[in-house]
Every structure is written in structure tokens, then in C-alpha cells.
Amino acid sequence: MDSLLKHMVDMTGHRDHTMLDISVISAVAELASATQARVLSIVNVRGQLYVRPRAVIERGRPARMEEYADLAMPGDPVSMFPALARCLAHHESSADYMSPDGEHTLWLPIWMGDKADTCLEIINPTPYTSDTIHIIGGIVSVYRNFQNLLDYSERDSLTGLLNRKTFDDQLAKMLQATIEHDMLAVPPDGLERRSPHEQEKQWLAVVDVDHFKAVNDKFGHLYGDEVLILIANLLQSSFRAQDRVFRFGGEEFVVLLRSSTLENAKKIIERFRMNVEQHEFPQVGRVTVSVGFVSISAYEAPVIILGRADQALYYAKSHGRNMACHYDELVSGGQLQTVESNDTAEFF
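So, how was this worked out
- Residues numbered from 1 in each chain as written.
- Predicted model: local features only at pLDDT ≥ 70, side-chain atom pairs only at ≥ 80, totals over all residues.
- Heavy atoms only, no water.
- Core = buried A, V, L, I, M, F, W, Y, C linked by side-chain atoms within 4.5 Å.
- Buried < 20%, exposed > 50% of the residue type's maximum accessible area, 1.4 Å probe, protein only.
- Helix = DSSP H or I, 4+ residues; strand = E, 2+ residues; numbered from the N terminus.
- Pairing = 2+ DSSP bridges.
- Axes fitted to C-alpha atoms, helices over the stretch in contact; angles between N-to-C directions.
- Contact = heavy atoms within 4.5 Å.
- Salt bridge = Lys/Arg side-chain N within 4 Å of Asp/Glu carboxyl O.
- Parallel < 35°, antiparallel > 145°, perpendicular 65-115°, else oblique.
- Nonpolar A, V, L, I, M, F, W, Y, C, P; charged D, E, K, R; others polar.
- Phe/Tyr/Trp six-rings, centres within 6.5 Å; stacked < 30°, edge-to-face > 60°.
- Polar contact = N/O pair within 3.5 Å; in protein donor to acceptor, adjacent residues only side chain to side chain.
- pLDDT = per-residue confidence, 0-100.

1. Quick word on the nonpolar core
Then comes step 1: If you look at the biggest cluster of nonpolar residues, it comprises 30 residues, and the most contacted ones within it are Ile231, Leu235, Leu257, Phe272 and Phe281.
Then comes step 2: For this core, the secondary-structure elements that each account for two or more residues are β8 (201-209), α6 (212-219), α7 (221-238), β10 (252-260), α8 (262-278) and β11 (289-295).
Then comes step 3: Looking at this core element by element, the count peaks at 7 residues for α7.

In C-alpha cells form, the structure reads like this:
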């Protein structure tokens, strides 16, 4: 009982979805004596459901955020897991599957009304007792309720994406983590050592829906809102679990990409752009987006970072739209030229 109360206190003490995910799988893994527990995202791409890992804990190892390995795919098709697929189709609270070697997998979708975009997966070598399932059910209820509370303060009411207020906090955390990583990368002797991940950076991308005013004017605001909701769904399915997607207002969105090389950042952003281009929007037809993105430096003001991404976006919008432009490449290629900069603003 002490352990259960400790986990409950830990879960409800967080004000961040990432740490909430880590807490819930730590709790269920310990209380169910599981060999592995994961938080899975459930995403809908063109009417097909996919699952991809968001956080994982394995016996004897600390919990961690997890990235889906295949950058070209939105995840594993739910059809690969028939028991889970039936559970989601019938809006059931759980699904249990025993593999041929006797391993038990328990799936627990987190239902918010008639929609589940998160699922807990618990793997155990032995069957789950009724007491264990009862305790886990209580943890899931607390997790769902607290997730609802976080969503209410952090989410945009139309699209369900993180809101602009939350962006400032998330960017500040990313900048602080980058500074701490840089400090750890320099050993006490002061000599720089090369790391296989030294080319990985954090990125900020600004997304704008092309000709969105024309959509509103021609089809009305209801269809315009539907376009924004579908764009938000494509953002969530195209980017990775560890990335953060925000609605900035109107038809503008911002993405924070964590720990990615330039090549992978381009692939992920281009995948999203193409997913939008290929999507059939009801009544409206085809819609495209323009993207500007830039690497994040912890030693520059957020307004400068955001301004550079905006300039790359403006270049994309004024040179044909439906493209993604990298700020540094535009500058090095002579398409953009920095005239003057200071601590708070940058002029072009």
C-alpha cells in the first residue's frame, strides 16, 4: 500500500505530460511485476490506426522516452495486434493477449469520451491476478484524470495541440537541457572529445497553411476549422513521440524537434509536408503547407530563434509555397542575408 501511495503522489506531482508518462509506467511495472511497460500513442492516418511507443520501462532499467525506429512510418499498424484492434473498435477498457510462448500482454486504452489517443501496454510472463488488474485500473483512472487536467490548461480547444502559453515553458526546458548537455560534453581537462551524437541538435519549425484565408472565404469557417483539425492530426502522426507540436493561433503551428540530425529533421518535416499534400480534405480538396525551420542554440534569445524560422517560412511562402526551407541553408546560399542583430531582435 505504501508503494501504491508513493506512486500516486509521484504521478499527481507532475505538471508535464512526459514526466506523467514516465511515472505511470514506473507504477504499473512495479505493482504488476512486469517485464516491460510502455505508453503508446494511437494515431489516425487516412482512416488507419497506428501505434508507436512514447515511453518504456524494462525490468532492471530506468524508464525512458522512446522513439519509433522507422522515421518514414507513423508507427505499427494496429492490425498487427488483433486483440488491441478489437478492443479499440468496440470501445473496450482492456485487451489481454497470450503469445505462443506463454507471455501475457495487457493493453489499456485511455479513453477520453469516445476517443483514445494513448494506450498502456504491460507485458508479464505470468497471468494477471484480479487484484493486480484492480490496482492497475485505479492507477489508469488517476492517470487519465490527471492527463485531462493537464490538457485543460495546456491544450488548444479546437485542435487538441499544445497551446502558445505552453510553448514558452517547453522551449525554455529545451534550451536548459541543451546547456546542461553541452556542459557535460566538456570533460574536466577542458579537451573537447568527439561524440557519435554531436551532430544531433534541437530544431524549431514554423508551419503555415497556404491560402487558408481563401479556404475560409470560399467554404466557410466550419470547413476552415475542420482543415485545422486535420492538419493537427497530420502533425501528430508525422512527428515523433518526443517532439512537441503547438498551435500558435490562426493557421500557424510550431514544432520543437528534439535530438535530431539535419538529415533526419529534413526527412521528418518533409514527410509531414507530403502527408498534407496527399491528404484529401472533405469538401475543400487539396491543401498545402509551407515550413521554415532552424536549429536551436541555447545561447541565443528565443525571439531570435523564432524570428529566423519565421524568415525561412516567409521565404517559402514568397517562392511558391508548399515547401520546407532551412534558415541556415538559405543564409549560406545567399537567399537570406542578416543585416544586423542584437540580444533581442534580428533584422533582415
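2. Looking at the sheet that holds β10
Then comes step 1: With mixed pairing, the 5 strands of this open sheet are ordered in space as β9-β10-β8-β11-β12. Edge positions in the sheet fall to β9 (244-249) and β12 (324-326), since each of these pairs with one other strand and no more. Taking each pair of neighbouring strands and ignoring which way they run, the sheet shows an average axis angle of 20 degrees.
Then comes step 2: When β11 meets β12, the two strands line up parallel, connected through 3 bridges. Residue pairing across strands places glycine 292 opposite cysteine 325, the latter belonging to β12.
Then comes step 3: Running over the sheet, α7 touches β8, β9, β10 and β11 and is turned about 0 degrees from β10.

3. Thoughts on the pattern of salt bridges
Then comes step 1: What the rule picks out here adds up to 18 salt bridges.
Then comes step 2: For glutamate 263, the salt bridge goes to lysine 267, with nearest N and O atoms at 3.7 Å. Of this pair, glutamate 263 and lysine 267 both sit in helix α8, 4 residues apart, which is roughly one turn of the helix.
Then comes step 3: Residue arginine 286 is joined to glutamate 280 by a salt bridge in which the shortest nitrogen-to-oxygen separation is 3.6 Å.
Then comes step 4: Owing to a relative accessible area of 54%, arginine 286 belongs among the exposed residues under this scheme.

4. A few points about the packing of helix α2 (residues 17-31) against helix α4 (residues 130-154)
Then comes step 1: Contact geometry for α2 and α4: axes closest at 10 Å, N-to-C directions at 175 degrees. Put simply, α2 runs roughly antiparallel to α4. For the pair α2 and α4, the contacting residues are His17, Leu20, Asp21, Val24, Ala27, Val28 and Leu31 in the first and Thr132, Ile135, Ile136, Ile139, Tyr143, Phe146, Gln147, Leu150, Asp151 and Glu154 in the second.
Then comes step 2: Class assignment for the residues of the contact of α2 with α4 results in 11 nonpolar, 3 polar and 3 charged.

5. Here's the deal with the packing of aromatic side chains
Then comes step 1: Counted under the stated rule, the structure contains 5 aromatic pairs.
Then comes step 2: With 5.0 Å between their ring centres and 85 degrees between their planes, phenylalanine 167 and phenylalanine 248 make a pair best called edge-to-face. Placement of the pair is phenylalanine 167 in helix α5 (residues 164-185) and phenylalanine 248 in strand β9, with a sequence separation of 81 residues. Each member of the pair, phenylalanine 167 together with phenylalanine 248, is buried.

6. Considerations on the environment of asparagine 322
Then comes step 1: Structurally, asparagine 322 can be placed in the loop between α9 (302-318) and β12.
Then comes step 2: Asparagine 322 sits 48 residues away from methionine 274 along the chain, and the two C-alpha atoms are 8.9 Å apart.
Then comes step 3: Once you skip the residues sitting within four places of it in the chain, asparagine 322 turns out to touch Asp210, Arg273, Glu277, Thr288, Val289 and Ser290.
Then comes step 4: Of note is the side chain of asparagine 322, whose polar atom sits 2.9 Å from the side chain of arginine 273.

7. Some thoughts on the side chain of arginine 38
Then comes step 1: Among the structural elements, arginine 38 can be located in strand β1 (residues 36-45).
Then comes step 2: Look at arginine 38 and you get buried, because its relative accessible area is 19%.
Then comes step 3: A distance of 2.8 Å separates polar atoms of two side chains, one belonging to arginine 38 and the other to glutamate 121.
Then comes step 4: Those residues in contact with arginine 38, other than ones at most four positions away along the chain, are Ile25, Pro53, Ala55, Val56, Glu66, Cys119, Leu120 and Glu121.

8. Quick notes on the environment of glutamine 176
Then comes step 1: Along the chain, glutamine 176 turns up in helix α5.
Then comes step 2: With 123 residues separating them along the chain, glutamine 176 and tyrosine 299 place their C-alpha atoms 9.8 Å apart.

9. Observations regarding the side chain of glutamine 36
Then comes step 1: By the element assignment, glutamine 36 lies in strand β1.
Then comes step 2: Using a relative accessible area of 18% as the deciding quantity, one classes glutamine 36 as buried.
Then comes step 3: Setting aside chain neighbours within four positions, we find glutamine 36 in contact with Val56, Ile57, Glu58, Glu121, Ile122 and Ile123.

10. Some remarks on unusual backbone geometry
Then comes step 1: In this structure, histidine 91 takes a positive phi of about 55 degrees despite not being glycine.
Then comes step 2: With relative accessibility at 46%, the residue histidine 91 sits in the partly exposed group.
Then comes step 3: Even without glycine at this site, arginine 321 takes up a positive phi of about 60 degrees.
Then comes step 4: Among the secondary structure elements, arginine 321 is positioned in the loop between α9 and β12.

11. Considering the confidence of the model for the protein chain
Then comes step 1: Mean pLDDT over the protein chain works out to 86, with 86% of the residues at or above the 70 mark.
Then comes step 2: A low-confidence stretch, residues 194-198 stays under pLDDT 50, and its non-local contacts, those more than four residues away or across chains, total 0 contacts.
Then comes step 3: In this model residues 344-348 is a low-confidence stretch, pLDDT under 50, and it forms 18 contacts with partners more than four residues away in sequence or in other chains.

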